[in-house]
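As a plain string of letters, each chain reads:
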Amino acid sequence: TAFALFFSVGVICAQDLEQTTNTYNEAATLLNEGNNQAAIDKFKEALSYATALGEEGAELATNCKDIIPKIYLSQAKDLLGEKKNDEAIAQLKAAISTANDYANNQDVVDEATQLIPQVMMSSAGSLLNAKKYNEAAALYQEICTIQPENGVAFLRLGMALNAGGQQDSAVEAFIKASELGQSANANKQLAAFEQSKLEPVQKKIKRTIDKVAKSNNIQSVVSANIMVSGGKDLTAEVIQALNPQVK
C-alpha cells in the first residue's frame with residue numbers, strides 16, 4: 001500500500017511537470033508568433049505551476065521570471081515606435097514591477113527606469129507645443145519629481161507654468177533650472193518675464209507722454225505719471241522721453 005501511494009504521488013508529480021512544461025512551450029510559441037500579451041499570460045500560468053512544484057519546477061520558474069519582464073520591455077519599445085507614449089509608459093512600469101517582484105533582471109529595471117522620463121519629456125513637449133499648458137506643466141512636474149536633477153525639465157516646467165499664467169511658480173522653476181546647469185536659457189526666460197511686467201507701465205507712460213507733450217507742462221506730467229504708475233514717480237523717465245537731450 002505504501003509503495004502504491006508513493007508511486008501514485010510520483011505519477012502526479014510527473015504529470016504536473018509535464019503540464020507545466022507544455023504550458024511553458026505554448027507560451028514560447030505565442031511569443032514566437034508575436035502574440036506578446038497572450039505569451040505573457042501563458043508564461044505567468046506556467047510560472048504558477050512551476051512554483052507549486054517546488055524544486056522540481058525551479059528551472060522553469062526561473063525561465064518564466066526572466067522572460068516576462070523582457071516581453072513587457074519589448075512591447076514598450078514597439079509602442080514607442082508607434083508614438084503611443086502613454087501605452088508605452090504603462091508597459092515600462094509593468095516591466096519594472098515584474099522584474100522587482102521576481103527579484104531579477106536588474107538590466108530591465110535600469111533600462112525601463114531610464115526610458116520613462118524620456119518618454120514623458122516627449123509627451124510633455126507635445127502638450128506644450130499644442131498650448132495645453134496646464135497638462136504640460138503637470139507632466140513636467142512629475143518628471144522633476146522622478147529626476148530632481150533634470151535641469152531641462154525644470155526649464156520647460158517654468159515655460160509651461162509661465163504660459164499658463166502661474167508666474168510665481170514659473171520663476172521658482174527657472175531659478176531651479178539655472179542651478180541645474182540651464183542658467184543661460186533660464187536667465188533669458190527670467191529676463192523676458194521681467195520685461196513683460198514692465199511693458200504695461202511703459203505703455204501707460206507713452207500714453208501720458210502723448211497727452212502732455214504738446215503743452216510741455218511738467219506739473220501735468222508729474223501728476224499723470226504718478227497716477228498711471230501706481231504711485232511711483234517716473235517723472236525723470238517721462239522728461240527723458242520728451243527731451244532725449246536732457247540728462
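Remember, predicted model here, so these are calculated numbers, not experimental data.

Analysis parameters
Residues numbered from 1 in each chain as written. Predicted model: local features only at pLDDT ≥ 70, side-chain atom pairs only at ≥ 80, totals over all residues. Heavy atoms only, no water. Helix = DSSP H or I, 4+ residues; strand = E, 2+ residues; numbered from the N terminus. Buried < 20%, exposed > 50% of the residue type's maximum accessible area, 1.4 Å probe, protein only. Areas by Shrake-Rupley, 256 points an atom, 1.4 Å probe, with all protein chains shown as cover. Expected span 1.5 Å × (residues − 1). Core = buried A, V, L, I, M, F, W, Y, C linked by side-chain atoms within 4.5 Å. Contact = heavy atoms within 4.5 Å. Arc of directions from axis to C-beta. Phe/Tyr/Trp six-rings, centres within 6.5 Å; stacked < 30°, edge-to-face > 60°. pLDDT = per-residue confidence, 0-100. Salt bridge = Lys/Arg side-chain N within 4 Å of Asp/Glu carboxyl O.

Even after reading the chapter, I still don't get the overall build of the chain, so can you show me in this structure?
Regarding its fold elements, the chain presents ten helices and zero strands. In sequence order, the secondary structure elements of the chain are arranged as α-α-α-α-α-α-α-α-α-α. Counting over 247 residues, the chain shows a buried share of 35%. On the chain, roughly 14,600 Å² of surface is accessible, and the fraction owed to carbon and sulfur atoms is 52%.

How should I be thinking about helix 3 (residues 58-81) in this particular structure?
Compared with an ideal rise of 1.5 Å per residue, which puts 24 residues at 34 Å, helix 3 spans 36 Å between its outermost C-alpha atoms and is within 8% of the ideal. When we look at burial in helix 3, the residues that qualify are Leu60, Ala61, Cys64, Ile68, Pro69, Ile71, Tyr72, Leu73, Gln75, Ala76 and Leu79. Lys83 lies just past helix 3 and shows a positive phi near 65°.

How should the nonpolar core be read in this particular structure?
Burial of nonpolar side chains together is a common tendency in soluble globular proteins. Residues Phe43, Leu73, Leu92, Tyr140 and Leu157 are the most contacted members of the largest nonpolar core, which totals 54 residues. Going through the elements one at a time, helix 1 (2-32), helix 2 (36-53), helix 3, helix 4 (85-101), helix 5 (106-129), helix 6 (133-146), helix 7 (151-163) and helix 8 (167-212) are the ones with two or more residues in this core. In terms of residues, this core owes the most to one element, helix 5, which gives eleven residues. Beyond its immediate chain neighbours, meaning those up to four positions away, Tyr140 contacts Met121, Ala124, Gly125, Leu128, Ala153, Arg156, Leu157 and Ala160.

Can you help me understand helix 6 in this one?
Working note: α-helix, 3.6 residues per turn, so residues spaced by three or four point in the same direction. Helix length check: helix 6, at 14 residues, gives a terminal C-alpha distance of 20 Å against a target of 20 Å (1.5 Å per residue), a fit within 8%. Here helix 6 has its buried residues at Ala136, Ala137, Leu139, Tyr140, Ile143 and Cys144. Buried residues of helix 6, seen end-on, are gathered within an arc of 165° and therefore sit on one face of the element. Of the exposed residues in helix 6, the ones pointing more than 90 degrees away from its buried face are Asn134 and Thr145. As for helix 6, its buried residues are in contact with helix 5 and helix 7.

Just checking my understanding: could you explain the packing of aromatic side chains for this structure?
Within a pair of aromatic rings, the relevant descriptors are the distance that separates the centres and the angle that separates the planes. If you walk through the whole model with that rule in mind, you get one aromatic pair. Ring geometry for Tyr24 versus Phe43: centroids 5.3 Å apart, planes at 70°, classification edge-to-face. One end of the pair, Tyr24, is in helix 1; the other, Phe43, is in helix 2, and 19 residues separate them in sequence. Each of the two residues, Tyr24 as well as Phe43, counts as buried.

What should I look at first to understand the confidence of the model for the chain in this one?
With 73% of its residues at a pLDDT of at least 70, the chain reaches an overall mean of 81. Predicted confidence is poor over residues 1-12, with pLDDT under 50, and the contacts of this stretch with residues over four places away or in other chains come to zero contacts.

Any chance you could explain the pattern of salt bridges here in plain terms?
Here the idea is simple: oppositely charged side chains can pair when their charged atoms come close. The final tally for this structure, using the stated rule, is five salt bridges. Across the salt bridge formed by Asp66 and Lys70, the nearest N and O atoms sit 3.2 Å from each other. Taken together, the residues span about one helical turn, with Asp66 and Lys70 both in helix 3 at a distance of four residues. Put simply, Lys77 and Glu111 hold a salt bridge, and the shortest N to O gap is 2.6 Å. With Lys77 in helix 3 and Glu111 in helix 5, the pair connects residues that are 34 residues apart, well separated along the chain. Judged by its relative accessible area of 30%, Glu111 is partly exposed. Shared partners join several salt bridges into a network, and the residues in it are Glu26, Lys42 and Glu45.

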